[in-house]
Amino acid sequence: MSELTSAPRIRAAGPDDLDAVLAFWKTAAEGTSISDDRSGVERLVARDPEALILAERDGELVGTVIAGFDGWRCHLYRLAVHPDHRRQGVATALLAAAEERFTALGGRRADAMVLQRNETAHHAWGAAGYAPEERWRRWVKPLTG
């Protein structure tokens, strides 16, 4: 296995990682979120220090996932892999870490936020064992702005 395709180092993000994460999402994530700002990510890490999971290779950020658990449900957000590191096991490693976290916390089922138009993501999530839940529709109300 070459250095480029070696297993990534997986770890929880800390306060010193947040600017790099926000910059990374501009390159690697599909779309933007209302919470894609320093204060939003700071609140996440302060409330649940293990929720924002990073993948690194040679000290470089190559992937992220947010594995949020509210005590009842397991939610996955912001699975993003740098375009130069896709199809090299980064998303698989991130999802394995998220699922291990959920299981340790007593979670029973994980759900993921996946854009309808992102066909590449549909294939990745399907390969990881996830499927769309057609009986449910997400309803959203912005609380600010």
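The following refers to the structure shown. None of these values were measured; they are calculated from a predicted model. (Residues numbered from 1 in each chain as written. Predicted model: local features only at pLDDT ≥ 70, side-chain atom pairs only at ≥ 80, totals over all residues. Heavy atoms only, no water.)

### As for helix H3 (residues 90-105)
Consideration 1: Across its 16 residues, H3 extends 23 Å between first and last C-alpha, which sits within 8% of the 22 Å expected from 1.5 Å per residue.
Consideration 2: Taken together, the buried positions of H3 are occupied by Val 90, Leu 94, Leu 95, Ala 97, Ala 98, Arg 101 and Phe 102. Projected down its long axis, H3 shows its buried positions confined to an angular sector of 160°, all on one face. The exposed residues of H3 that point more than 90 degrees off its buried face are Thr 92, Glu 100, Thr 103 and Ala 104. (Helix = DSSP H or I, 4+ residues; strand = E, 2+ residues; numbered from the N terminus. Expected span 1.5 Å × (residues − 1). Buried < 20%, exposed > 50% of the residue type's maximum accessible area, 1.4 Å probe, protein only. Arc of directions from axis to C-beta.)

### Considering the pairing of strand E3 (residues 60-69)
Consideration 1: By the criterion of burial, E3 is predominantly enclosed, with nine of the ten residues buried.
Consideration 2: For strand E2 (residues 52-57) and E3, the ladder comprises six bridges, and the chain directions are antiparallel. Residue pairing in the sheet places Ala 55 in a bridge with Gly 63 of E3.
Consideration 3: The turn joining E2 and E3, which pair antiparallel and follow one another in sequence, is formed by two residues; a positive phi near 50° is taken by Asp 58.
Consideration 4: For E3 and strand E4 (residues 74-81), the ladder comprises six bridges, and the chain directions are antiparallel. (Pairing = 2+ DSSP bridges.)

### What to know about the nonpolar core
Side chains of a nonpolar character, in soluble globular proteins, are inclined to be buried together.
Consideration 1: Counting residues in hydrophobic clusters, the biggest one holds 18 residues, and the most contacted among them are Ile 53 and Leu 76.
Consideration 2: Residue assignment for this core shows that the elements contributing at least two residues are E2, E3, E4, H3 and helix H4 (119-127).
Consideration 3: Ranked by the residues each element gives to this core, the list is headed by H3, at six residues.
Consideration 4: Setting aside chain neighbours within four positions, we find Ile 53 in contact with Ile 10, Arg 11, Ala 12, Gly 63, Thr 64, Val 65, Ala 67, Leu 94, Ala 97, Ala 98 and Arg 101. (Core = buried A, V, L, I, M, F, W, Y, C linked by side-chain atoms within 4.5 Å. Contact = heavy atoms within 4.5 Å.)

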